Amino acid sequence: MAAGGYYGNLTPTQQEALQALRKEAATQIAALGFEPEHLKLWSVPVDNLGAEGDLTKGQTVILLKFLRAREFKVEDAVKMLVGTLKWRKEFGMTSLPTETFDPIFTNLGTIHGVDKHNAPITWNFYTHISSPEVANNPAHFLRWRIQLHEKAIALLDFNNPSTTVETITQVHDYSTTGMSLDRRLKATSKDIINIFQEYYPEFLEKKFFLGVPVYLEFLFNVFGSLVSKRTSSKFVMVGKRGTRAALLDQIPPAQLLPQYGGFTTPSSSGTDIQELDAVTRLDIPARQFRVVTVSVKPGSTVHYEFTTIADDINFSYGFRSPTEGDAAAAPVSSENPADGVLGSEERVESTKGAVKAVKEVFVMKFNNSFSYLTAKEVMYHVYTTTTAGTEETPVATSESA
């Protein structure tokens, strides 16, 4: 978070601007004559800014968003705030949360996980964006997209004294997008960008553009011309390669979607666990391998998953007893985990699986011997479950070749 301009960290000049905004906004909001239901910004009431006493934390956070977006120019911030209230009323924001859309829209995006700053993440996919159901209903697409953004913001609690999270991270995946885009959707996309810029101040933590080929790099220039420099500085353009590395720089592996190498949230007795055990990071130099051993209980189910930061690596696994060396480990085949047949190494970028423990030590081998120049970085997670669904957290150690 920036050094100044945020709740609890204001310079005297910024504090004066906040009080000036409060006073002027109270006057102009009262003049609107709106009903109280239209005088809320993301669940924070702004119809009582002129009342005696201090602002709530939520009110302070919201007002500061408008001030930062307009570089603490009070007149501009008031204009933006009042304009936002007017737009939300005209847009029909009070009914938007309960609106339903064609199922095709659910394939265009979702909300999943939080980034390293605990900002909620919206994931946007463009595989079906040019389908007739979407292209013929650009107004529905716009309302659906704003609804998705509003749902993500609803996960933030501006009045919570123990959190400073007030932003959203966006991921836009263009990896399966064709070269052409319906002209109506192009216009709608520009409208959405303008709406986010004008009526959602300081809500962006980071915005990823994934799988962007060379011929679509013009998007960056288009977006850059439509938004402020402060906003465009939060954009991350990623080509066909490097997606996972870019995402992992901002998002923990347990918070990624599975298609990007994300880790599974284990469940116990049918209840999801929110806090995962720490993910282990492992470096494998070029022309070397690393072996990881994990103590497990025979008969339990061992769940393993890993992802490389970039590129691929050879992977194999098996079991041994505590008195045996790793060379004696009996790898099991993925086709028949109980047969104890030695399986060959698999060259992959990420994988996950579950297997019954046949001995007391689970062994994983990450082999980078085939790479003469490139070191690899692996992030892995192992946990076990019993038949009752309870979980045991194993202790893993890594050993060099």
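As shown above, the structure is provided for reference.
Report on the accompanying structure. (Residues numbered from 1 in each chain as written. Predicted model: local features only at pLDDT ≥ 70, side-chain atom pairs only at ≥ 80, totals over all residues. Heavy atoms only, no water.)

### Here's the deal with the packing of helix α5 (residues 138-153) against helix α6 (residues 183-199)
At a closest axis distance of 10 Å, the pairing of α5 and α6 adopts a crossing angle of 30 degrees. With respect to α6, the axis of α5 lies roughly parallel. Here α5 and α6 pass one another in a crossing that is right-handed. Contact residues: Pro138, Phe141, Leu142, Arg145, Ile146 and His149 in α5; Arg184, Leu185, Thr188, Ser189, Asp191, Ile192, Ile195 and Phe196 in α6. Its residues assigned to classes, the contact of α5 with α6 comprises eight nonpolar, three polar and three charged. (Axes fitted to C-alpha atoms, helices over the stretch in contact; angles between N-to-C directions. Helix = DSSP H or I, 4+ residues; strand = E, 2+ residues; numbered from the N terminus. Parallel < 35°, antiparallel > 145°, perpendicular 65-115°, else oblique. Left-handed = near helix turned anticlockwise from the far one by under 90°. Contact = heavy atoms within 4.5 Å. Nonpolar A, V, L, I, M, F, W, Y, C, P; charged D, E, K, R; others polar.)

### Examining the pattern of salt bridges
Counted under the stated rule, the structure contains eleven salt bridges. In this structure, the salt-bridge partner of Glu150 is Arg88, at a minimum N-O distance of 2.9 Å. Within this pair, whereas Glu150 is found in helix α5, its partner Arg88 is found in helix α3 (residues 74-91), the two being separated by 62 residues in sequence. Glu150 sits in the buried class, given a relative accessible area of 14%. What makes Arg88 buried here is its relative accessible area of 8%. A salt bridge links Glu99 to Arg143; the shortest N-O distance between them is 2.6 Å. Residue Glu99 is located in the loop between α3 and β3 (109-114), and its partner Arg143 is located in helix α5; the two are separated by 44 residues in the primary sequence. Taking the relative accessible area as the measure of exposure, Glu99 reaches 25% and is therefore partly exposed. Given a relative accessible area of 18%, Arg143 falls into the buried group. It is possible to trace a salt-bridge network through shared partners that takes in Lys65, Arg68, Glu166 and Glu202. (Salt bridge = Lys/Arg side-chain N within 4 Å of Asp/Glu carboxyl O. Buried < 20%, exposed > 50% of the residue type's maximum accessible area, 1.4 Å probe, protein only.)

### With respect to α3
With 18 residues, α3 extends 25 Å between its outermost C-alpha atoms, agreeing within 8% with the 26 Å of an ideal straight helix rising 1.5 Å per residue. Buried within α3 we find Ala77, Val78, Met80, Leu81, Val82, Thr84, Leu85, Trp87, Arg88 and Phe91. Where α3 is buried, its residues meet α1 (12-32), β1 (40-41), α2 (57-69), α5 and α6. Gly92 sits one or two residues past α3 and shows a positive phi near 75 degrees. (Expected span 1.5 Å × (residues − 1).)

None of this, on its own, says anything about what the molecule does.
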